[in-house]
Amino acid sequence: MDKLVVRGRKRLTGEVTISGAKNAAVAVIPAAVMATGVSVLENLPSIEDVRNICHTIQEMGGKCRFLDKHTLEIDCNEGVSYQATFEGVQKMRASYYLIGALLARYKKAEVAMPGGCNFGKRPIDLHLKGFRALGATVIEEDGMVKAYAEKLIGTSIYMDQVSVGATINVMLAATMAEGTTTIENAAKEPHVVDTANYLNMMGANIKGAGTDVIRIKGVPELKGAQYTIIPDQIEAGTYMIAAAITGGDVLVKNIIPKHMDSLTAKLEEMNVKVAEWEDSIRVMADEPLRAVNVKTMSYPGFPTDLQPQIATLLAVCNGTSVLTENVWENRYQYMGELRKLGADVEINGRVATIHGIKHFSGAEVSATDLRAGAAMILAALAAEGETIIDGVRYIDRGYEDVEEKFRAMGAEIDRIPGEQ
């Protein structure tokens, strides 16, 4: 297993360019399976999750070819297997999008239950409820989801709770259903919009993505398209917080500032200066940081995927902050690792009370999941002495060239390769 070694208390300065959005890429790539012809996807992040989903499509009989580091050609014109049962599927959460895509194109799908980061129950019951509403028979057995339909019929579907995954998956399936499907209480996240935009480029008829009601008029077929993935909102937020936690001055480039509004508002409340341009944000932290309260919500609220990172920043603010996790029930697993670095935190269910300390102190810690791993890097950057971070494979799932990007801003961070 690779490890990261970080020598902290270095002020980050300069600039960082944000990669394509992981959460959009892992939905758009499975959507390409639905098309005849060739799709070319640009601005993909060079991360483990993208490589995994490409490998899975190849195992199913599709063709994936990287034209360069960030550009992928996908050709499923000759069809793919409706079965995705192998180990790679279980390595990532987003493999469940293959169910919706295969169900749309072939009216049958057999996909292994998804894996990914483990922070509590993450049921896919809303996905399956949506498929059933469209007319599919869905069975869960032997670690597999099996879905079949003679035909899919458009209908009205109300999401019992806002779910990004279920919104995208049902949208995929409904794209080639007969008639019109309405998804109410739909998720509004940027990657929902990105997936809908790509589907529309392929010939789908989807309106309302980005609002809480999405209307999908079914079409008989989709054709390959060229599409550019949006920038990664969570990666951008991680580097914005990195600038704040190191008292730095960083220009975060290739982003959509509007996507960062909830974080920008919190940073400004904490005494951090934030300046916005058309596709970049400058973060300057030269004043003492103030404690604030944060609640995670579905978009446009504060993203749960930035919760571990903001918690790390709150841990070194003056005063006491209250952090409430409203999306996942068990996303505080990383707090034990943060305490090893000196954090003063009390957990009560979904609420974390964080008492600010002067600074972290270096220690050996583990990345318990993808975003927790990012939080460990942030804490290490602000820590006195040396920190060793284990479990880097989690970080590699969602962050491209993470140590190179931090080094370019002045961080002392090195990767120690694990034994092969």
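Before reading on, note that the structure itself is shown above.
Residues numbered from 1 in each chain as written. Predicted model: local features only at pLDDT ≥ 70, side-chain atom pairs only at ≥ 80, totals over all residues. Heavy atoms only, no water.

Asker: For the environment of R393, give the residues involved together with the corresponding values.
Answerer: On the secondary structure map, R393 appears in helix 12 (residues 392-396). Remark: the alpha-carbon pair of R393 and Y239, spanning 154 residues in sequence, is separated by 19 Å. (Helix = DSSP H or I, 4+ residues; strand = E, 2+ residues; numbered from the N terminus.)

Asker: Tell me about helix 11 (residues 370-381), and name the residues and values.
Answerer: If you check helix 11, its first and last C-alpha atoms are 17 Å apart, about what twelve residues at 1.5 Å a residue would give, namely 16 Å. The buried fraction of helix 11 amounts to twelve of the twelve residues, a majority that puts the element mostly inside the structure. Buried within helix 11 are the following residues: L370, R371, A372, G373, A374, A375, M376, I377, L378, A379, A380 and L381. Two or three places before R371, at the start of helix 11, stands the capping residue D369, its side-chain oxygen 3.1 Å from that residue's backbone nitrogen. (Expected span 1.5 Å × (residues − 1). Buried < 20%, exposed > 50% of the residue type's maximum accessible area, 1.4 Å probe, protein only. Polar contact = N/O pair within 3.5 Å; in protein donor to acceptor, adjacent residues only side chain to side chain.)

Asker: Quick one: what's the story with the environment of M60, residue by residue and with numbers?
Answerer: Mapped onto the fold, M60 is located in the loop between helix 2 (48-59) and strand 5 (63-68). Note: C-alpha distance between M60 and D390 (330 residues apart in sequence) is 33 Å.

Asker: Give a description of the pattern of salt bridges that names residues and reports values.
Answerer: Taken as a whole and assessed by the stated rule, the structure comprises 28 salt bridges. The residue D2 makes a salt bridge to R415 at a minimum N-O spacing of 3.0 Å. You can see D2 sitting in the segment before strand 1 (3-7) and its partner R415 sitting in strand 28 (residues 412-416), a full 413 residues away along the chain. The class of D2 is partly exposed, set by a relative accessible area of 25%. For the salt bridge of K340 with E337, the shortest nitrogen-to-oxygen distance reads 3.2 Å. Placement of both K340 and E337 in helix 10 (residues 335-340) is noted, with a separation of three residues, approximately one turn of the helix. The exposure class of E337 is buried, given its relative accessible area of 12%. Where salt bridges share partners, they join R7, K10, E386, R407, E412 and D414 into one cluster. (Salt bridge = Lys/Arg side-chain N within 4 Å of Asp/Glu carboxyl O.)

Asker: Outline the packing of aromatic side chains, supporting the account with residue identities and numerical values.
Answerer: Per the stated rule, a full pass over the model turns up three aromatic pairs. Between Y198 and Y227, the aromatic rings sit 5.7 Å apart at their centres with planes inclined by 50°, giving tilted as the arrangement. Pair noted here: Y198 is in helix 6 (residues 190-201) and Y227 is in strand 16 (residues 226-228), with a separation of 29 residues, a long-range link. Neither residue differs from the other here; Y198 and Y227 are each classed as buried. Residues Y239 and F406 carry aromatic rings whose centres are separated by 4.8 Å and whose planes lie at 50° to one another, so their mutual orientation is tilted. Here the residue Y239 occupies a position in helix 7 (residues 233-245), and F406 occupies one in helix 13 (residues 402-408), the gap between them amounting to 167 residues. Residue Y239 shares its accessibility class with F406, and that shared class is buried. (Phe/Tyr/Trp six-rings, centres within 6.5 Å; stacked < 30°, edge-to-face > 60°.)

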